[in-house]
Amino acid sequence: MLLSLGLGLLVQRLSGAFQITKISSFCHRPGTVFYKHDAPNTNERTLFHQLAVQSQQRNEDVVLYSDDWENDEEDEHSKEEKRMNTSRWESLDPRIKSKIIQNAQEKAIRNKKKNESAADKKRRLMFLYKDSERKRKRASRVQRPLATNSPDRITLRELEVGQETEGTVISLANFGAYVDVGSECDGLLHVSQITREEFVEHPRQYLSPGEKVVVRITRVNAEEKKLQLTMLPKEVIAMDEDDDDDDEERVKLEDLFPDDELWGEIKRVTAFGSYVEIGAEVDGWLHFMDHPDFGMIPGAKPKEFMNVGDRIRCWVASVDLEKDRVKLTANRPATLPGPRREMERR
């Protein structure tokens, strides 16, 4: 008989048998039978009724039902639902499964991005940028015709100045391009040795990595492992060599003064003007707005009215001895006497 501390007895079914355990927090007098008609099922209710009658005959208190049984029912129901959901998921098509998983992952990523701080976002974008740079560099790598350590590569001593050969553009830089001609080191194709038809600001205007080009060797130094190349015709190279021989006869920049009248020949045309050969130590710079034909055709680009090889009369606008620069103008300065060309705008 249990009367103290409000403890009762519970009859539970465990593994096909019945076990009496202590539950509840209330006291009852001897001989009282506790019975709920909403027990789990009829058979158990009948069995508990028999136990209750026997317990009453022995003058004992017994609890035949507890709210915990409802929790056990709910657990069994949830397990059944989980089992059904699992079987439904396993019966889905693998493509549908992957699509559901992908959508859930994308949703999770979007939610994470919404809640991330500014510092985390900056760090994430930096990682993405570095990763894209690595991929870009990896994609820009050119497959060489021969491995760098291949025994089939020739030495620089076997090359001769003026020799024409075919090469592969390996990489581009602001000052030129490196070309693999099958020798022990790459040759440098300077930006000024690509073409003289117009001013080349960057080699990418004419070349791209992996492109096959025909070059001519201009200088080779086996001791210093240096190789210089050119794509210019032989006639242009010969003119450059003649200009180098006449360096002693050229006019020094100290002898040039503003408003000096000169005759020159346009050597290169850029997007902003042209370089003019005036017989000085360096070529003079003529801005396209200082050309007499500027404005004759509205919206015309410099190469439309400034051509390589044209002879032009010009005047010295300024001389910079520190930077070795000479600025020219093809319009007669207003400080000089004599006729001036004036254009009437309509």
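Presented here is an overview of the structure given in this document. Note that the structure is predicted; figures quoted are calculated from it, not measured.

## Describing unusual backbone geometry
Consideration 1: In this model, Asp259 sits at a positive phi of 75°, which is unusual for a non-glycine residue.
Consideration 2: Note on placement: Asp259 falls in the loop between helix H5 (234-245) and strand E10 (261-269).
Consideration 3: On the basis of relative accessible area, Asp259 is assigned to the partly exposed category, the value being 29%.
Consideration 4: Phi angles above zero are rare outside glycine, and Asp324 is one such case at about 55°.

## Comments concerning the environment of Arg196
Consideration 1: Checked against the element boundaries, Arg196 lands in the loop between strand E7 (187-190) and strand E8 (212-221).
Consideration 2: Expressed as a C-alpha distance, the spacing of Arg196 and Leu232, which sit 36 residues apart in the sequence, is 7.6 Å.

## Observations concerning the sheet that holds strand E12 (residues 284-287)
Consideration 1: Within the closed barrel, the five strands sit side by side as E10-E11-E12-E14-E13. Their pairing is mixed. Going across the sheet, the axis of each strand differs from the next one's by a mean of 50°, ignoring polarity.
Consideration 2: With four bridges joining them, E10 and strand E11 (residues 273-277) adopt antiparallel strand pairing. When the sheet's bridge partners are listed, Arg268 is paired in E11 with Tyr275.

Rules and cut-offs
- Residues numbered from 1 in each chain as written.
- Predicted model: local features only at pLDDT ≥ 70, side-chain atom pairs only at ≥ 80, totals over all residues.
- Heavy atoms only, no water.
- Helix = DSSP H or I, 4+ residues; strand = E, 2+ residues; numbered from the N terminus.
- Buried < 20%, exposed > 50% of the residue type's maximum accessible area, 1.4 Å probe, protein only.
- Pairing = 2+ DSSP bridges.
- Axes fitted to C-alpha atoms, helices over the stretch in contact; angles between N-to-C directions.

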